[in-house]
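In case you want the letters, here they are:
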Amino acid sequence: MQSVSTAFRDAFASPARQISARTLVRWDGTNYTDETSHTLDWDVTLRIAAPGDNLVNPGDVGRGGLTLANKAGRFSWKNTAGPLYANIGGATGLGGKRLLLQVGTGSEWLTVFTGYITDWSEPEPGSDVSLTLADEGWAHLQKRASTPVFARQRPDQWIDYLADLAGVGATGFDVSPHLIPWCWLDDESLLEEIWKCANADGGRAYFDQLGMLRYETAAHWLTHSKVTDFTTTAEFGLNPRHELGELAKEVIVDYAPRARGALTVIYKLDSLKAVRPGATEIIDARFQYPVTALAPLTAQTDYVMSTTSGDAVAGVTISVTDANAQRARISIVNSHATKTAVIFHLQLRGWPLLGGASEQESALAASDPLGMGRVRTQRGNPYCQTEPQARVLAGLLAARSDRIQPVWPVEVWAMPQLELGDRIGLRGLRMSSAVEGFVIQNKLSLTREGGLKQELQALDAATLYPYSNYYVVGQTALGPSGGRVWF
Amino acid sequence: MTLLWEGTPVFAAEQHISAAGQLNALGKGAQLLFDRVTGYAAPFSGYRSGEDVNAGWQLRHKWNRFEWEYYLASGTAYLAINGVKLTGTEKTGAGWHSGTEDISGLNLTPNAFYPVSMTTTGDVQVYKLAERSHLTFPTLTTFSNGTTPNAGQWNDLGVYTDLLHQETAGPRPLFGANWQSWAGKAWLGCFVKTGSRWVYQFQMQTPYHAAANGDRYAKALLRAYHATTGEKLLATWEMNAANAGPGETRRFAGVLDVTAAGFPHGETVRLWVDFERSTEPDFYGGLWVDRLWQIADDNPTLSTWQAIPTWTQPGYVTDVDKLRNDLVRLKSAYQPLNFAQRAARPATPNGTGPYTEAFRAQRLHRWLHYICKPKDGAPNETDAQPMVTWDAGGGEKSTSLPAATTWGVFDLASQEGLYPGLLYSVKDVLYALEDFDA
């Protein structure tokens, strides 16, 4: 739960509350402009997928919408007379502008969404403009990168590295118990790799309402205490959703071990390459395998060159730049004044990463819940490389697959400081006792007519974790009366 | 292809301890370490004056403490690394000489190979050349029930395990076979005692004619020495007029239990094979020592070792002190020595003897590092096609090694059936050793 003052909390809890809201847009890329006076309504949804094969599905970012009054054409991107034309009249229009949505008391503001305008519609000039919003993750989804091979990275370390590459600002990470033997990227989406890495650990990575990238291990919610109780006043206001498709008697997790191989040729130039006097040729070499390191280029072994008539040519430099796991750039500089250098043979040698067939770990649920023998599999995650990691993941998913994990959708008296993962209590009119759950979806909407509304989905906490008294490093004493071991 | 060593886990404050990811991973690591310090161990193959090759070794550099031991019967002797004399090793006069040199000043590159040579004006026997680990281990807290170790103390378990791995996963020499025609040492060296069973294979030939006093015999004697036990005669094999014909060659192979010798576990022990025979000046036979190394006992033990628990949910985090104490026991149970690899001997005394392989071993690591024999006068060419040969039960298999006049590396795991523990031989190489790393 976000930290707010007592006055803020009391103001929002009051039945007679007066909601203030702000819409701030960074039209010029630097400064936020307050567009509250033009804001008609908005809604935003942040979510974490319910337990399944993936805790955060790749491609999952928070979404939302915002309607702006546009009678004077302020937000019409082709309105050359509009006050924002200098900022929105370009090639991308309103797209890509950063935006904050806040609610508050007038003196204290709470950010409930940080994201970007990803699309907009303006049926006719001067009509209201509807913006499509996405959270911070959208800005990083298209960023791709190649990296060298890194050895022995914890998932949180690797995610941190990827987040740095992506230019993510604020981050908050759990420390994973696992080590991934080998990590690298080969022209891959940074954000998708972050999600895959978190999945391999049974954890989740997501951007919160402040635009902070969070990585949480599967055990993270164990530390959460209940932050508030909600009692619905609506008849049948609590109607849990069940996903029978997630039940299974066995979970299988594949993992792909890799090992460093012996020095070998990992790239060979197929054709002759002529470099004119004073010219530079660049070759983008793609390797047969990812390599942990490249061997230095050695004349006669790695390259052979001369003029077309076989004469020696001096002043030719061959070097490797921008070396990554599966690609490198080879630069051939011919500084000779008159001779053309012909590269007859060019190769790169390196120490490759060798991977064999995948292996698998399986875990049985406590029972076959449906008696149908259903087996679920988790395959193809490049960050699942070791038996312990696969075993933990299989055990965790098996424990979650042996019974229904109800999800409780509920509309509550809006408490905007709630965050994804917060543990809340829920009680319906006819329920004799409250249930507790973790917020996995948080939808806030603001309309002029209806004010601030909040719809939550809470994952039932009762059976999500088999036990509650797990051992915590530095807090629990060792021994049979201490804490239980995690998967 | 599952790697046997996957690294050690990391702990952090407020983390929930994982059974598979952390505790059992550490337990598995400790068990693998137990196997290493109680299992197969190849000895260091030494040198005696009079051998028909130079006194040369190669070491893959890991640590900067260089231990040496030799017996000098006469003259002066010294050791050199990369041609640089180690002045502390230069000795004159009959007797045992040993010491430890700090070789950090030589600026050797980690994992690079370097030559070690012995130069003498007299008669020398080299028994030990090795680098010794000087890694610094953390002091482990007790981990007894009721205590609450912090993240740093938990992490020390992983650090400690990883350091033990580094100390025990270093290069292993291949057995450098040797022979003797005259009475004297057919093979000599040393070993770190890890078990009580020795695999041996000798071939011995009796003289063709009786000596002037009527004797006609050949005898092999396996001896060892440790300061706490003194010299021990471990076994004798004899061929004489009563049990062997003139010039007969016979193979002696088996497994020897040397428990009774009482060598302390983990200590370095001198080992040698003496050859004795009746006098015959024209005799071309002798004693060939083909194999000699330790293997694991049927039920290897270490005093105070406790079975490592397997932690599973919903069990409690308990008995971690057993893991902790076992790690400490492993540390004290093994002398982390990186033995030098002896240069290969010529195939036989006269080129027609019973064996031709330069090195034999049980596979331990994945990577075979080797240098081919350079052809005389043509340094970039090799003398013969080096081969690795093994028999996994379906008949003998061989594969050629790529020519390498500097150090080459070969993936033993890439060969069908050549699993860890399998006997194999390497021939027509100058040096060969195994290492965990490529």
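Since this is a predicted model, take the numbers as computed values, not measurements.

1. Quick look at the state of the cysteines
Residues and elements named next belong to chain A. Counted according to the given criterion, the structure contains zero disulfides over all chains. Cys183 takes part in no disulfide bond, and the closest cysteine sulfur to it belongs to Cys197, at a distance of 6.0 Å. Look at Cys183 and you get buried, because its relative accessible area is 1%. For Cys197, a relative accessible area of 0% corresponds to the buried category.

2. Looking at the packing of aromatic side chains
Summed over the entire model, instances satisfying the criterion amount to 37 aromatic pairs over all chains. Residues B:Phe191 and B:Phe263 carry aromatic rings whose centres are separated by 6.4 Å and whose planes lie at 80° to one another, so their mutual orientation is edge-to-face. In this pair, B:Phe191 sits in strand 14 (residues 184-192) while B:Phe263 sits in the loop between strand 18 (249-257) and strand 19 (268-277), placing the two residues 72 residues apart along the sequence. Over the ring of A:Tyr467 we find A:Arg484; its NZ or CZ atom is 4.1 Å from the centre of that ring. A cation over a ring is seen here: B:Arg270 above B:Trp96, with NZ or CZ 3.4 Å from the ring centre.

3. Here we look at the sheet that holds strand 11 (residues 172-173) of chain B
Residue and element names in this part refer to chain B. Read from one edge to the other, the open sheet built from four strands follows the order 11-31-24-29, with strand pairing classed as antiparallel. This sheet does not close on itself; its edge strands, each paired only once, are strand 11 and strand 29 (408-411). When strand 24 (residues 367-372) meets strand 31 (residues 429-435), the two strands line up antiparallel, connected through six bridges. In the strand pairing of strand 31, Leu368 is matched with Glu434.

4. Some remarks on the sheet that holds strand 19 of chain B
Residues and elements named next belong to chain B. Judged by pairing direction, the sheet is antiparallel, and its five strands sit side by side in the order 1-14-19-16-17 without closing on themselves. The open sheet terminates on both sides in strands that have one partner only, identified here as strand 1 (44-45) and strand 17 (230-240). Pairing analysis gives eight bridges linking strand 16 (residues 217-226) to strand 19, with the strands arranged antiparallel. Within the sheet, the bridge partner assigned to Ala218 lies in strand 19 and is Arg277.

5. A closer look at the packing of helix 6 (residues 387-401) of chain A against helix 1 (residues 19-38) of chain B
Taken N-terminus to C-terminus, the directions of helix 6 of chain A and helix 1 of chain B make an angle of 140°; their axes are 9 Å apart at the nearest point. It follows from the interaxial angle that helix 6 of chain A and helix 1 of chain B lie oblique. Between helix 6 of chain A and helix 1 of chain B lies a crossing whose hand is right-handed. Where helix 6 of chain A approaches helix 1 of chain B, its residues A:Glu387, A:Pro388, A:Arg391 and A:Val392 are matched on the opposing element by B:Ala20, B:Gly21, B:Ala25 and B:Lys28. Class assignment for the residues of the contact of helix 6 of chain A with helix 1 of chain B results in four nonpolar, one polar and three charged.

6. Here's the deal with the side chain of B:Gln205
All names here are of chain B. Inspection of the secondary structure assignment puts Gln205 in strand 15 (residues 197-205). For Gln205, a relative accessible area of 9% corresponds to the buried category. Of the polar contacts made by the side chain of Gln205, one reaches the backbone oxygen of Gly247; its length is 3.0 Å. Gln205 has contacts with Ala218, Gly247, Glu248, Thr249, Phe283, Tyr284, Gly285, Gly286 and Trp288, leaving out every residue within four places of it along the chain.

7. Focus on the interface of chain A and chain B
Counting residues at the interface gives 46 residues for chain A, matched by 46 residues for chain B. Note on chain A versus chain B: buried area summed over both sides is about 3800 Å², and carbon and sulfur give 60% of it. Three residues, A:Val473, A:Leu478 and A:Val485, lead the burial of chain A against chain B; their summed loss comes to 21% of the area buried on that side. Joining chain A to chain B, the criterion identifies one salt bridge. Among the salt bridges present, the one from A:Glu387 reaches B:Lys28, with a minimum N-O distance of 3.6 Å. Our enumeration of links across chain A and chain B arrives at 20 residue pairs in polar contact (both at pLDDT 80 or more). Mapped onto the side of chain A that touches chain B, the elements with two or more residues apiece are strand 17 (258-260) and helix 6 of chain A. Its residues assigned to classes, the side of chain A that touches chain B shows 26 nonpolar, twelve polar and eight charged.

8. A closer look at a nonpolar patch on the surface
Residues A:Leu244, A:Leu370, A:Met372 and A:Ile404 make up a contiguous nonpolar surface patch of roughly 380 Å² in combined accessible area. Along the chain, A:Leu370 falls in the loop between strand 26 (359-364) and strand 27 (375-378).

9. Side note on the nonpolar core
Counting 63 residues, the largest nonpolar core has A:Trp42, A:Leu94, A:Leu131, A:Leu133, A:Leu426 and A:Trp486 as its most contacted members. A:Leu131 has contacts with A:Gly64, A:Gly65, A:Leu66, A:Leu68, A:Leu94, A:Ile117, A:Asp119 and A:Trp120, leaving out every residue within four places of it along the chain. Listed in part, the 62 residues of the second largest apolar core include B:Tyr47, B:Phe143, B:Ile308 and B:Val317.

10. Topic: the pattern of salt bridges
Residues and elements named next belong to chain A. Overall, the coordinates contain 37 salt bridges over all chains when judged by the stated rule. Linking Asp254 and Arg379 is a salt bridge whose minimum nitrogen-to-oxygen distance equals 3.0 Å. Within this pair, whereas Asp254 is found in strand 16 (residues 250-255), its partner Arg379 is found in the loop between strand 27 and helix 6, the two being separated by 125 residues in sequence. Residue Asp254 is classed as buried on the basis of its relative accessible area of 12%.

11. Things to note about the pairing of strand 24 (residues 327-334) of chain A
Residues and elements named next belong to chain A. Where strand 20 (residues 280-286) and strand 24 come together, seven bridges link them in antiparallel fashion. Looking at strand 24, one finds that Ile282 is bridged to Ser331. Examined bridge by bridge, strand 23 (residues 316-321) and strand 24 share six bridges and lie antiparallel to one another. Looking across to strand 24, one finds that Ser319 is bridged to Ser331. Joining the antiparallel neighbours strand 23 and strand 24 is a turn of five residues, in which Asp322 adopts a positive phi near 50°.

12. Observations concerning helix 4 (residues 155-166) of chain A
For an α-helix the count is 3.6 residues per turn, leaving residues at separations of three or four pointing the same way. Residue and element names in this part refer to chain A. In a regular helix each residue adds 1.5 Å, so twelve residues correspond to 16 Å; helix 4 covers 16 Å between its end C-alpha atoms and thus fits that length. Turning to helix 4, its buried residues number three or more, namely Pro155, Asp156, Trp158, Ile159, Leu162, Ala163 and Ala166. Around the axis of helix 4, the buried residues are gathered within 160° of arc, so they sit on the same side. For helix 4, the secondary structure elements touched by its buried residues are helix 3 (137-141), strand 9 (150-153), strand 10 (171-173), strand 11 (180-183), helix 5 (190-200) and strand 14 (213-216).

About the thresholds
Residues numbered from 1 in each chain as written. Chains lettered and ligands numbered in written order. Predicted model: local features only at pLDDT ≥ 70, side-chain atom pairs only at ≥ 80, totals over all residues. Heavy atoms only, no water. Disulfide = S-S within 2.5 Å. Buried < 20%, exposed > 50% of the residue type's maximum accessible area, 1.4 Å probe, protein only. Phe/Tyr/Trp six-rings, centres within 6.5 Å; stacked < 30°, edge-to-face > 60°. Helix = DSSP H or I, 4+ residues; strand = E, 2+ residues; numbered from the N terminus. Lys NZ or Arg CZ within 6 Å of the ring centre and 35° of its normal. Pairing = 2+ DSSP bridges. Axes fitted to C-alpha atoms, helices over the stretch in contact; angles between N-to-C directions. Parallel < 35°, antiparallel > 145°, perpendicular 65-115°, else oblique. Left-handed = near helix turned anticlockwise from the far one by under 90°. Contact = heavy atoms within 4.5 Å. Nonpolar A, V, L, I, M, F, W, Y, C, P; charged D, E, K, R; others polar. Polar contact = N/O pair within 3.5 Å; in protein donor to acceptor, adjacent residues only side chain to side chain. Buried area = accessible area lost by both parts, 1.4 Å probe. Salt bridge = Lys/Arg side-chain N within 4 Å of Asp/Glu carboxyl O. Patch = residues over 30% accessible without salt bridge, like charges linked within 9 Å, V, L, I, M, F, W, Y side chains within 5 Å. Areas by Shrake-Rupley, 256 points an atom, 1.4 Å probe, with all protein chains shown as cover. Core = buried A, V, L, I, M, F, W, Y, C linked by side-chain atoms within 4.5 Å. Expected span 1.5 Å × (residues − 1). Arc of directions from axis to C-beta.

On their own, these measurements won't tell you what the molecule is for.
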